[in-house]
Amino acid sequence: MWSSLALRHCPGFHGSRRFLATVISGTKTSRLVKDRLKVEVEKISSEFSGFRPSLVVLQVGQRDDSNLYISTKLKAAAEIGIEAKHLRLPQTATQEEVLECVMSVNNDESVHGLIVQLPLDSAHFIDAEVITNAVSPEKDVDGLSCVNAGRLSRGNMNNCFIPCTPNGCMELIKQTGVSVEGKHAVVIGRSKIVGAPMHDLLLWNHATVTCCHSKTPDLPEQVSRADILVVGAGRAEMVLGDWLKEGAIVIDCGINHVPDDTKVGGKRVVGDVHYSSANQRAGFITPVPGGVGPMTVSMLMENTVRSAQRFLLKTHSWTTDTVDRC
Ligand code: NAP
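Rules behind the numbers
- Residues numbered from 1 in each chain as written.
- Predicted model: local features only at pLDDT ≥ 70, side-chain atom pairs only at ≥ 80, totals over all residues.
- Heavy atoms only, no water.
- Pairing = 2+ DSSP bridges.
- Helix = DSSP H or I, 4+ residues; strand = E, 2+ residues; numbered from the N terminus.
- Contact = heavy atoms within 4.5 Å.
- Axes fitted to C-alpha atoms, helices over the stretch in contact; angles between N-to-C directions.
- Buried < 20%, exposed > 50% of the residue type's maximum accessible area, 1.4 Å probe, protein only.
- Near = heavy atom within 4 Å.
- Polar contact = N/O pair within 3.5 Å; in protein donor to acceptor, adjacent residues only side chain to side chain.
- Areas by Shrake-Rupley, 256 points an atom, 1.4 Å probe, with all protein chains shown as cover.
- Nonpolar A, V, L, I, M, F, W, Y, C, P; charged D, E, K, R; others polar.
- Patch = residues over 30% accessible without salt bridge, like charges linked within 9 Å, V, L, I, M, F, W, Y side chains within 5 Å.
- Salt bridge = Lys/Arg side-chain N within 4 Å of Asp/Glu carboxyl O.
- Parallel < 35°, antiparallel > 145°, perpendicular 65-115°, else oblique.

Visitor: Can you explain the sheet that holds strand E8 (residues 208-212)? Please cite residues and give values.
Guide: Reading across the sheet, the 6 strands line up as E3-E13-E10-E9-E7-E8 and stay open at both edges, with parallel pairing between neighbours. Each edge of the open sheet carries a strand with a single partner, namely strand E3 (22-23) and E8. Against the sheet, helix H8 (residues 195-204) engages strand E7 (184-188), E8 and strand E9 (228-231), with an angle of about 170° to E7.

What follows is the structure, given as structure tokens:
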């Protein structure tokens, strides 16, 4: 538990009076990340006569939600100066055809990052795991291949790509100024894209981590022990304010649509945390929308720029002050 002194210094506490949690804005933080990346790309471009980091987004089919996510990624890339290409395969594409396309991008030296937009929208059965593992680990800027996941799980963080959503969560936790080392972190969810890599990332940043899932008994009890809580369960407003430890950092990855007659379209987006009760107990909290969501795209851009820098290091013996970050 926080000591009473630490509590008094916690955001939200002023003597014995309780104020609302400090909001960690993903919109603002993601803007800062994009601005920084833009400067880095300009610098690389001027040092290497027009060289640009390059990203390929491979899509199978035509899902509306995927189209929207891809357009957000292409827009962010354009803002930063990353060259982004959208490759589309039709719904009729087979696993072999998708693999062929992945291999051809793997072999294209001018491309530094390749992501396969999931879920795949195909008329045929395609094993998404086979496809994500076919992406060269050096270009796997989504960090979803077994090679990158294995490296992260062993704490080999300088030699892997960290999946974008957990990486964005860590950036948001850093924004609080609270050190992760020695804290008790609780992650709800163990998916490949959010929960499992979040567990690894917190662990190798020296937190003591508990990872919960749908079979965890007494979730409120687990949550009550968290100095840092990251929720990626996909359950609308599941985590209630009175489950939380006073002053906890609460990072909400959830994106859930709930009915709301007052909104155009009859629904609104909420997280996995019940915001209005949680912000009365948390020290810091991310909103939904405007929290983790914008960070995911920025971290994809960050991984793409790092990949391009690693490519330059290998091929041009490049050394600059950004080398340490690669
Ligand atoms: P997922 O693959 O469905 O995984 C959900 C995880 O939560 C599973 O591990 C599941 O446990 C666990 N879980 C489900 N219900 C639970 C409960 N009642 N108690 C405890 N654990 C429970 O989902 P995901 O892809 O990780 O995504 C999670 C959420 O994050 C979703 O709302 C998604 O929309 C959002 N998301 C946001 C971003 C972003 O950019 N902001 C990116 C990715 C995902 P089991 O393993 O036992 O089934």
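Picking up after the structure, the text goes on.
Visitor: Can you tell me about the environment of Glu181, naming the residues and giving the values?
Guide: Position of Glu181 relative to the elements: it lies in the loop between helix H7 (164-175) and E7. Glu181 sits in the exposed class, given a relative accessible area of 54%. Along the sequence, Glu181 and Thr208 sit 27 residues apart, while their C-alpha atoms lie 8.2 Å from each other.

Visitor: Quick rundown of the site of the ligand? Include the residues and the values.
Guide: In the vicinity of the ligand there are 22 residues, among which Arg190, Ser191, Ser214, Ile255 and Thr296 approach most closely. Within the contact set of the ligand, a nitrogen atom lies 3.4 Å away from a backbone nitrogen or oxygen of His213. Note that an oxygen atom of the ligand is positioned 3.4 Å from one of the backbone N or O atoms of Cys253. Look at the ligand: alone it shows 930 Å² of surface, and the protein chains cover 71% of it. With 3 residues, helix H11 (residues 292-316) is the largest single contributor of residues to the shell around the ligand. Classifying every residue of the shell around the ligand by side-chain character gives 9 nonpolar, 11 polar and 2 charged.

Visitor: Please give an account of the sheet that holds strand E5 (residues 83-89) that cites residues and values.
Guide: Strand order in the open sheet formed by 3 strands is E5-E4-E6, with parallel pairing between adjacent strands. Lying at the two open borders of the sheet, with one neighbouring strand each, are E5 and strand E6 (113-116). Across this sheet, the average inter-strand angle for adjacent strands is 20°, counted without regard to direction.

Visitor: So what about the packing of helix H6 (residues 146-153) against H8? Which residues, and what values?
Guide: In contact at an axis separation of 9 Å, H6 and H8 are set at 35° when each is read in the N-to-C sense. Together, Ala149, Leu152 and Ser153 of H6 and Pro197, Asp200, Leu201 and Trp204 of H8 make up the contact between the two elements. Here the contact of H6 with H8 is composed, by residue class, of 5 nonpolar, 1 polar and 1 charged.

Visitor: Lay out a nonpolar patch on the surface with the relevant residues and their values.
Guide: A cluster of nonpolar side chains, namely Tyr69, Ile255 and Val269, defines an oily patch on the protein surface of about 270 Å² accessible area. Positionally, Tyr69 belongs in helix H3 (residues 64-80). Using a relative accessible area of 43% as the deciding quantity, one classes Tyr69 as partly exposed.

Visitor: An account of the packing of helix H2 (residues 26-47) against H3 is requested, with residue identities and associated values reported.
Guide: At their nearest, the axes of H2 and H3 sit 8 Å apart, and the two run at 50° to each other. Viewed along their axes, H2 and H3 adopt a mutual orientation that is oblique. Each of Arg31, Lys34, Leu37, Lys38 and Val41 in H2 lies in contact with H3, whose residues at this interface are Ala76, Glu79 and Ile80. Its residues assigned to classes, the contact of H2 with H3 comprises 4 nonpolar, no polar and 4 charged.

Visitor: Now, about the pattern of salt bridges: what can you tell me, with residues and values included?
Guide: When the charged atoms of two side chains lie near each other, side chains of opposite charge can form a pair. The full count for this structure, using the stated rule, is 13 salt bridges. When the shortest N-O distance is used, the salt bridge between Arg36 and Glu302 registers 3.0 Å. Here the residue Arg36 occupies a position in helix H2, and Glu302 occupies one in helix H11, the gap between them amounting to 266 residues. The partly exposed category is assigned to Arg36, whose relative accessible area is 27%. Notably, a salt bridge pairs Arg281 with Glu246, separated by 3.9 Å at the nearest N-O pair. Taken together, the residues Arg281 in the loop between helix H10 (275-278) and strand E13 (284-285) and Glu246 in the loop between E9 and strand E10 (249-252) connect sequence positions 35 residues apart.

Visitor: I'd like a description of the environment of His112, backed by residues and values.
Guide: Note on placement: His112 falls in the loop between helix H4 (95-106) and E6. By relative accessible area, His112 is classed as buried at 3%. Along the backbone, His112 and Pro137 are 25 residues apart, and their C-alpha atoms lie at a distance of 11 Å. For His112, the contacting residues outside a window of four places in its chain are Phe51, Arg52, Pro53, Ser54, Glu138, Lys139, Val141, Thr304, Ser307, Ala308 and Phe311.

Visitor: Please give an account of the pairing of strand E11 (residues 256-259) that cites residues and values.
Guide: Only one face of E11 is covered, namely the face carrying Asn256 and Val258; the face carrying His257 and Pro259 is uncovered. Judged from the 4 bridges that link them, E11 and strand E12 (residues 267-270) form a sheet pairing that is antiparallel. Each residue of the ladder has a partner; that of His257, found in E12, is Val269.

Any functional reading would require information beyond the geometric quantities listed.
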